[in-house]
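Per-entry structural report
The primary structure of each chain is shown beneath.
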Amino acid sequence: MTQTHHLPTRAAHDRAALARLLGDLDPQTFATEYWGSRLHLASAGARGGDDFSDLFGLDAVDELVADRGLRTPFLRVARDGSTLPDRAFTSGGGIGAAVADQVSDDRLLQLFADGATIVLQGLHRTWAPVRELSAALAADLGHPVQVNAYVTPPQNQGFADHYDVHDVFVLQVHGEKRWTLRDPVHVDPLRDEPWTERRAAVEERARQDPALETTLRPGDCLYLPRGWIHAARALGGVSVHLTIGVHQWTRSHLGEALLERARAALAEDPEVRRSLPLGLDLARVDALEGDVEVAREALLRAVRDLPADQVVRVMRGRARSAQRAAPVRPLAQLAAADVLDPDDTLHLRAHLMLEVLPGTGEDVVVSSRAGRFGMPSASLPGLRRLLDTEVVQVGDLADDPGEALALARLLVRRGVALVGWDG
């Protein structure tokens, strides 16, 4: 049987990242009364005066645009309610850099001056403070997240009324922005059901009275479930807000996982593998009625007989690919691994989603967001000690010092453990 270790995380304790966003609303109350269904607005005052300035700001925008060599799709530009083509704000990387889509700070300067909104995408990968918050929040929620920043000139609106196919936390970090929110025209849209498929209904709803109209100021946090129609306009100065998109797992995903595993079982059914009749005439509606029923019953049987743990395993694989583990510095970690001694300290790398699987012979397989590798089952007590405590001295991984050092080097080189902190 599979041996799975669920790593200790803040999600199992105080949900600190989520609590930071909610202010005086208890995370458990949010889970039962707001999650996926109701708007929630937490003012900076309700959040203890925290203005999110440690996460992002105007200087961060300038650094990313001017100094980081961003390429699309890490940045896009919107004006008059629509997204501009990449060529409007990119240029070549110069001599020796065969990069045709590097962001042009010169073009952005002019576009922003003319009223365009800058959208910095994927900040959960490119900006360390945002990356740390988003990873912790994803662990708290149990659903993957992404983070974009919207930088809007005074008195401008980046996008027309629309809805998102994921839940959103809006964190105002600079300036003020007026938000208008209206009830959904399509409740709980799935990821392949964008608002453009219901453009007429969205535009009609946008002409009606809003459910909420509010001005967000630095430190305010607005939660809106997927499907809620919204638009926002900067007021008297430049506005910067972070949008944390929560890409929820739904029962639709469970259905997809069921079908994925059921198809594999179906392929082993002799009745399903049999060829259809010779002289098949698909122009006749009734040509395959009997065969359809055979396939239908086989599929239903495969779905009914499928153990729930196989569905969970499919979902676990998708969850692993949807987020990344905490960052690691390869050169520094490899150098540290070469000179390890028993008194050194190892830290468990965060957000791994690690599990131990059966291997061949006396080996087991360690599987996580860092990849898969085999190791002797005799080393399992040392690995479990690291998983249980998150911080361990190298010498405590095994009774024999040589075995402890060997296991420590393996775990570091495979990206499971870090020597010291690797922030």
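This structure is a prediction, so every number in the text was calculated from the model and none was measured. (Residues numbered from 1 in each chain as written. Predicted model: local features only at pLDDT ≥ 70, side-chain atom pairs only at ≥ 80, totals over all residues. Heavy atoms only, no water.)

**Observations regarding the overall build of the chain**
- The helix and strand inventory of the chain stands at 14 helices and 19 strands.
- By its C-alpha atoms, the chain is 75 × 70 × 55 Å across when sized along the principal axes.
- Relative to its full complement of 423 residues, the chain shows a buried share of 44%.
- Put simply, the chain shows about 21,600 Å² of open surface, and 51% of that area lies on carbon and sulfur atoms.
- Both charge centroids of the chain, one from 47 positive and one from 60 negative side chains, sit 3 Å from each other. (Helix = DSSP H or I, 4+ residues; strand = E, 2+ residues; numbered from the N terminus. Buried < 20%, exposed > 50% of the residue type's maximum accessible area, 1.4 Å probe, protein only. Areas by Shrake-Rupley, 256 points an atom, 1.4 Å probe, with all protein chains shown as cover. Lys, Arg positive; Asp, Glu negative; His and termini not counted. Charge placed at Lys NZ, Arg CZ, Asp CG, Glu CD.)

**Some remarks on unusual backbone geometry**
- Omega for the peptide link from Thr 72 to Pro 73 comes to 10°, which places this bond in the cis form.
- Mapping Pro 73 onto the fold places it in the loop between α3 (58-67) and β2 (75-79).
- Of note in this structure, Asp 188 is not a glycine but carries a positive phi near 50°.
- Within the secondary structure, Asp 188 sits in the loop between β9 (177-182) and α7 (199-206).
- The backbone of Met 353 shows a phi angle near 55°, a positive value even though the residue is not glycine.
- With respect to the helices, strands and loops of the structure, Met 353 is situated in the loop between β14 (345-348) and β15 (355-358).

**Considerations on the nonpolar core**
- Among the nonpolar cores identified, the biggest contains 46 residues, and Phe 56, Leu 120, Leu 123, Phe 169, Leu 171 and Leu 242 are the most heavily contacted of them.
- Residue contributions to this core peak at 6 residues, all from helix α6 (residues 128-141).
- Core analysis: the next-biggest nonpolar cluster, separate from the first, contains 30 residues, Ala 336, Leu 387, Val 394 and Ala 404 among them. (Core = buried A, V, L, I, M, F, W, Y, C linked by side-chain atoms within 4.5 Å.)

**Remarks on α6**
- Helix length check: α6, at 14 residues, gives a terminal C-alpha distance of 20 Å against a target of 20 Å (1.5 Å per residue), a fit within 8%.
- Of all 14 residues in α6, 10 are buried; the element is thus mostly enclosed.
- Within α6 the residues assigned to the buried category are Val 130, Arg 131, Leu 133, Ser 134, Ala 135, Ala 136, Leu 137, Ala 138, Asp 140 and Leu 141.
- Next to the buried residues of α6 lie α1 (16-22), α5 (123-126), β7 (145-152), β8 (167-174) and β13 (239-246). (Expected span 1.5 Å × (residues − 1). Contact = heavy atoms within 4.5 Å.)

**Points about the sheet that holds strand β18 (residues 391-393)**
- The strand order β18-β14-β19 describes an open sheet built from 3 strands, whose pairing is antiparallel. If you trace the sheet from one side to the other, it starts and ends with β18 and β19 (417-419), each paired once. Mean inter-strand twist for the sheet, computed between neighbouring axes without regard to direction, equals 30°.
- The sheet contact formed by β14 and β19 spans 3 bridges and is antiparallel. (Pairing = 2+ DSSP bridges. Axes fitted to C-alpha atoms, helices over the stretch in contact; angles between N-to-C directions.)

**Thoughts on the packing of helix α12 (residues 330-338) against helix α14 (residues 401-413)**
- One can describe the packing of α12 onto α14 by two numbers: an axis separation of 10 Å at closest approach and a directional angle of 175°. Of the possible angle classes, the one that applies to α12 and α14 is roughly antiparallel. Contacts from Gln 333, Leu 334, Ala 337 and Asp 338 of α12 reach α14 at Arg 409, Val 412 and Arg 413.
- Partitioning the contact of α12 with α14 into residue classes produces 3 nonpolar, 1 polar and 3 charged. (Parallel < 35°, antiparallel > 145°, perpendicular 65-115°, else oblique. Nonpolar A, V, L, I, M, F, W, Y, C, P; charged D, E, K, R; others polar.)

**Remarks on a nonpolar patch on the surface**
- Together, Leu 276, Leu 280 and Leu 282 make up an exposed nonpolar region whose accessible area comes to about 290 Å².
- Residue position: Leu 276 is located in the loop between α9 (270-273) and α10 (289-305). (Patch = residues over 30% accessible without salt bridge, like charges linked within 9 Å, V, L, I, M, F, W, Y side chains within 5 Å. Salt bridge = Lys/Arg side-chain N within 4 Å of Asp/Glu carboxyl O.)

**Observations regarding the side chain of Asn 148**
- Its location among the elements puts Asn 148 in strand β7.
- Its relative accessible area of 6% is what places Asn 148 among the buried residues.
- Within the structure, the side chain of Asn 148 is placed 3.2 Å from the backbone nitrogen of Gly 122, a separation counted as a polar contact.
- In this structure Asn 148 touches Val 119, Leu 120, Gln 121, Gly 122, Leu 123, His 241, Leu 242 and Thr 243, once residues within four positions along its chain are discounted. (Polar contact = N/O pair within 3.5 Å; in protein donor to acceptor, adjacent residues only side chain to side chain.)

**Remarks on the sheet that holds strand β10 (residues 212-216)**
- Within the open sheet, the 3 strands sit side by side as β10-β9-β12. Their pairing is antiparallel. Lying at the two open borders of the sheet, with one neighbouring strand each, are β10 and β12 (229-234). Strand after strand, the sheet turns through a mean of 20° between neighbouring axes, direction not considered.
- One ladder, built from 5 bridges, connects β9 with β10; its direction is antiparallel. Bridge assignment links Arg 178 to a residue of β10, and that residue is Thr 215.

**Side note on the pattern of salt bridges**
- Under the definition given, this model contains 21 salt bridges.
- Notably, a salt bridge pairs Arg 217 with Glu 176, separated by 3.2 Å at the nearest N-O pair. Note that Arg 217 is positioned in the loop between β10 and β11 (221-224) and Glu 176 in the loop between β8 and β9, a separation of 41 residues in sequence.
- A single network of salt bridges, built from pairs that share partners, joins Arg 20, Arg 47, Asp 50 and Asp 54.

**Considering the pairing of β13**
- Most of β13 is tucked away: 8 of the 8 residues are buried.
- Here β13 shows a buried face lined by Ser 239, His 241, Thr 243 and Gly 245 and a second buried face lined by Val 240, Leu 242, Ile 244 and Val 246.

**A few points about a negative patch on the surface**
- A cluster of like negative charges, contributed by Asp 59, Asp 62, Asp 67, Asp 105 and Asp 106, occupies part of the molecular surface.
- In terms of residue count, the dominant contributor to the negative patch is α3 (3 residues).
- Mapped onto the secondary structure, Asp 105 falls in helix α4 (residues 105-113).
- Residue classification places Asp 105 among the partly exposed residues on the basis of a relative accessible area of 36%.

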